[in-house]
Amino acid sequence: INDLLDASKVSTGNVEILLTPCEADIFLTQAVGEYEEKCRSAGLELVLRCPEVTADILADGRKLWRIFDNLLGNAVKYSLPGSRVYIDLNFDMDNAVFTLRNTSKTAINISPDELIERFVRGDSARSTDGNGLGLSIADSLTTLLNGKMKISVDGDLFKAIVSFPVVKG
């Protein structure tokens, strides 16, 4: 029910956003730290790759955490045991680009656009917990934080790319 309420608030923009500078690499390292044990328990290896040079993004820390909590939570639930979950941080000229890749337990027979819709799950036969709101909430929060989220699927390979403008100056 909380996810449904959050999805409703986020999709209507009825959410308070407090943008403050956030060190992209520090945030990502902390998020990965929160998920290392969960991944290990699920038989997954979490691989973090960050560049030597970093930058700040403007973000609401709680909302940014929710985005990555949803993405990493999905990776733990739906990844093939014995595989890796890769999280990369890169910077282009204007953006911090976070990329999460994992191998699904089963082929994902649905388009990336459909995956982001509410109440949609990548495999209707899944019996694990989940309500199909995680990616929808992550996508809406990313937009509210002036970022962009793109999902791609290739057989059993899932990839989420989330980018936010870097703070200039």
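Here's what I pulled together on the structure shown here. Per-chain numbering applies: the sequence of each chain, read as written, is numbered from 1 onward. Two thresholds apply to this predicted model, a pLDDT of at least 70 for residue-level local features and 80 or more for giving and counting side-chain atom pairs, whereas whole-chain, interface and lining totals are computed over all residues. Computation of side-chain values covers all heavy atoms of the structure but excludes hydrogens and water.

Considering the overall build of the chain
What counts as a helix is a DSSP run of H or I of at least four residues, what counts as a strand is a run of E of at least two, and both are numbered from the N terminus. A tally of regular secondary structure across the chain gives 5 helices and 7 strands. Note on classification: 1.4 Å probe, protein chains only; a residue is buried when its accessible area is under 20% of the maximum for its type, exposed when over 50%, partly exposed between these limits. The 169 residues of the chain split such that 43% are buried. Contacts between residues were defined by any pair of non-hydrogen atoms, one from each residue, lying within 4.5 Å. Here the analysis covers contacts within the chain between residues at least 6 apart in sequence; of these, 70% occur between residues at least 24 apart. Only the protein chains shown count as covering a residue, and every accessible area follows the Shrake-Rupley method with a 1.4 Å probe. As presented, the chain carries roughly 9,100 Å² of accessible surface, and 49% of it is formed by carbon and sulfur atoms.

Quick word on the sheet that holds strand S4 (residues 84-91)
Strand pairing is defined by DSSP finding a minimum of two bridges between the two strands. Spatial ordering of the open sheet is given by S2-S4-S5-S7-S6, a layout of 5 strands whose pairing is mixed. In the strand order of this sheet, the two ends are held by strand S2 (45-49) and strand S6 (148-154), each with one partner. Within the sheet, the average angular offset between the axes of one strand and its neighbour, ignoring direction, is 15 degrees. Pairing between strand S5 (residues 95-103) and strand S7 (residues 157-165): 9 bridges, direction antiparallel. Its bridge partner lying in S7, Thr 99 is registered against Ile 161. Taken strand by strand, helix H3 (residues 61-78) contacts S2, S4, S5 and S7, and its axis lies near 20 degrees from that of S5. An axis is simply a line fitted to the C-alpha atoms; with a helix, the fit covers only the stretch in contact. Between two such axes, the angle follows the N-to-C directions and lies from 0 to 180 degrees.

Brief notes about the packing of aromatic side chains
Put simply, two rings from Phe, Tyr or Trp (the six-membered ring, in Trp's case) pair if the centres are within 6.5 Å, and we call them stacked under 30 degrees between planes, edge-to-face over 60, tilted for the rest. Applying the stated criterion across every chain yields a total of 4 aromatic pairs. Judged by centre distance (6.2 Å) and plane angle (70 degrees), the rings of Phe 98 and Phe 164 are edge-to-face. Taken together, the positions of Phe 98 in strand S5 and Phe 164 in strand S7 put the pair 66 residues apart, joining distant regions of the chain. For the pair Phe 98 and Phe 164, one class covers both residues: buried. Connected via pairs of aromatic rings, a cluster forms that spans Phe 27, Phe 68, Phe 98 and Phe 164. Whether a charge lies above a ring is judged from NZ of Lys or CZ of Arg, which has to be within 6 Å of the ring centre and within 35 degrees of the ring normal. The ring of Tyr 35 carries Lys 38 above its face, with NZ or CZ at 4.4 Å from the centroid.

Description of empty space enclosed by the protein
Summary: where empty space remains is shown by rolling a probe the size of a single water molecule over the atoms. Lining residues are defined by having an atom within 4 Å of a point belonging to a cavity or pocket. Those points lie on a 1 Å grid over the protein atoms alone, cavities being sets where a 1.4 Å probe fits but cannot get out and pockets being open sets with protein on both sides within 12 Å along at least five of seven lines. Grid points are joined across faces, edges and corners, and a volume is the space filled by probe spheres set on the points. Counted according to the given criterion, the structure contains 1 cavity of 30 Å³ or more. Roughly 40 Å³ of volume is contained in the largest cavity. In terms of lining, the largest cavity is formed by Phe 68, Leu 71, Ile 87, Phe 98, Thr 99, Leu 100, Ala 160 and Val 162. Listed by contribution, the elements that provide at least two residues to the lining of the largest cavity are H3, S5 and S7. Per-element accounting of the lining of the largest cavity gives the leading share, 3 residues, to S5. As a working rule, the residues Ala, Val, Leu, Ile, Met, Phe, Trp, Tyr, Cys and Pro are called nonpolar, Asp, Glu, Lys and Arg charged, and the rest polar, with Gly in that last group. Of the residues in the lining of the largest cavity, the class split is 7 nonpolar, 1 polar and no charged.

What to know about a nonpolar patch on the surface
Patches here are clusters of residues that have more than 30% relative accessible area and form no salt bridge, with a 9 Å joining cutoff for like charges and a 5 Å cutoff for nonpolar side chains (Val, Leu, Ile, Met, Phe, Trp, Tyr). By definition here, a salt bridge exists when the distance from a side-chain nitrogen of Lys or Arg to a carboxyl oxygen of Asp or Glu is within 4 Å. On the surface, Leu 19, Leu 58 and Val 167 cluster together to form a nonpolar patch covering roughly 210 Å² of accessible area. As for its placement among the helices and strands, Leu 58 is situated in strand S3 (residues 56-59). Of the residues examined, Leu 58 reaches a relative accessible area of 39% and is grouped as partly exposed.

Structural notes on helix H2 (residues 24-41)
Given a rise of 1.5 Å per residue, 18 residues ought to cover 26 Å, and the 26 Å separating the end C-alpha atoms of H2 matches this to within 8%. Maximum bend of H2: about 40 degrees, positioned at Tyr 35. Those residues of H2 not exposed but buried are Ala 24, Asp 25, Phe 27, Leu 28, Ala 31, Val 32, Tyr 35 and Cys 39. Buried residues along H2 sit in contact with strand S1 (20-23), S2, H3, S4 and S5. A positive phi of about 75 degrees marks Gly 43, the residue just after H2. Multiplying 1.5 Å by the residue count of a helix minus one yields the expected span of that helix. Note that bend, as reported per residue, equals the angle between axes fitted to the 7 residues terminating at that residue and the 7 residues originating from it.

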